[in-house]
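Breakdown of the fold
The lines below spell out each chain.
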Amino acid sequence: MNFGEVSINSAAGHVTLNFDGTREFAGGVMVNDSDSFSPAKFIIEGAQNANYSISFPKEVVMTDGYGNTLIVDQIKSELFDAGDSNSDGLKELVLGAKLNLEAYQVTGEYAGSLAVEVEYR
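Throughout what follows, the structure given in this document is the object of discussion. Since the structure is predicted, the reported quantities are computational estimates derived from the model, not experimental observations.

Moving on to the side chain of Arg23. Within the fold, Arg23 resides in strand 2 (residues 23–31). Among buried charged residues, Arg23 stands out as having no salt bridge; its nearest opposite-charge side chain is Asp33, 4.2 Å away. Among the polar contacts made by the side chain of Arg23, one reaches the main-chain carbonyl oxygen of Phe3 at a distance of 2.9 Å. In this structure the side chain of Arg23 is engaged in a polar contact, spanning 3.3 Å, whose partner is the backbone oxygen of Asn32.

When you tally the buried positions in strand 7 (residues 90–101), you get nine out of twelve residues, the bulk of the element. The pairing of strand 1 (residues 6–17) with strand 7 spans five bridges and is classified as antiparallel. Counted as the bridge partner of Gly13 is Leu101 from strand 7. Looking at chain direction, strand 3 (residues 40–45) and strand 7 are connected through six bridges and run antiparallel. Within the sheet, the bridge partner assigned to Lys41 lies in strand 7 and is Val94.

So, about the environment of Val29. Structurally, Val29 can be placed in strand 2. Beyond its immediate stretch of four places on either side in the chain, Val29 contacts Val6, Ser7, Ile8, Gly13, His14, Val15 and Leu101.

Reading the values: the criteria
Sequence order as written defines residue numbering, which begins from 1 separately in each chain. Side-chain atom pairs in this predicted model are given and counted only at pLDDT of 80 or more, local residue features only at pLDDT of at least 70, and totals for whole chains, interfaces and linings cover all residues. Side-chain numbers here rest on the full set of heavy atoms in the structure, without hydrogens or water. Put simply, DSSP marks the helices as runs of H or I at least four residues long and the strands as runs of E at least two long, and each gets a number from the N terminus on. Think of it in three bands: with a 1.4 Å probe and only protein chains considered, a residue is buried below 20% of the maximum accessible area for its type, exposed above 50%, and partly exposed in between. When charges are counted, neither His nor the chain ends are considered; positive counts come from Lys and Arg and negative counts from Asp and Glu. Salt bridges are identified by distance alone: a Lys or Arg side-chain nitrogen within 4 Å of an Asp or Glu carboxyl oxygen. Between N or O atoms, a polar contact is any pair within 3.5 Å; within protein, one atom must be a potential hydrogen donor and the other a potential acceptor, and residues adjacent in sequence are included only when both atoms are from side chains. Paired strands, in this sense, are two strands between which DSSP finds at least two bridges. The contact criterion used throughout is that any non-hydrogen atoms of two residues lie within 4.5 Å.

If you want it as structure tokens, here you go:
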């Protein structure tokens, strides 16, 4: 998941990544339109026509390595066929989310981990 290059002024705001690859922003957020961004994408491979459940956290804390943090929440998923799911058991999982920024958020590169668990039944 990549929110792209964003900055914030004196008002808090957020950036939302949607399943379709679009990005929305509100509040004091400014985005660099020439920078790349994308929702998270995974290919799930398993038995043909199998039942499974998918789980992931409700929020992720991102850090810049200097004690500054950002919260990613409202993580949502969408499943898409990746090839013929009836014959090869493949699905594409796309995750969108909202990145929350505080007023005057410290500039830097923030990173975090988002664990996705797929359990076949």
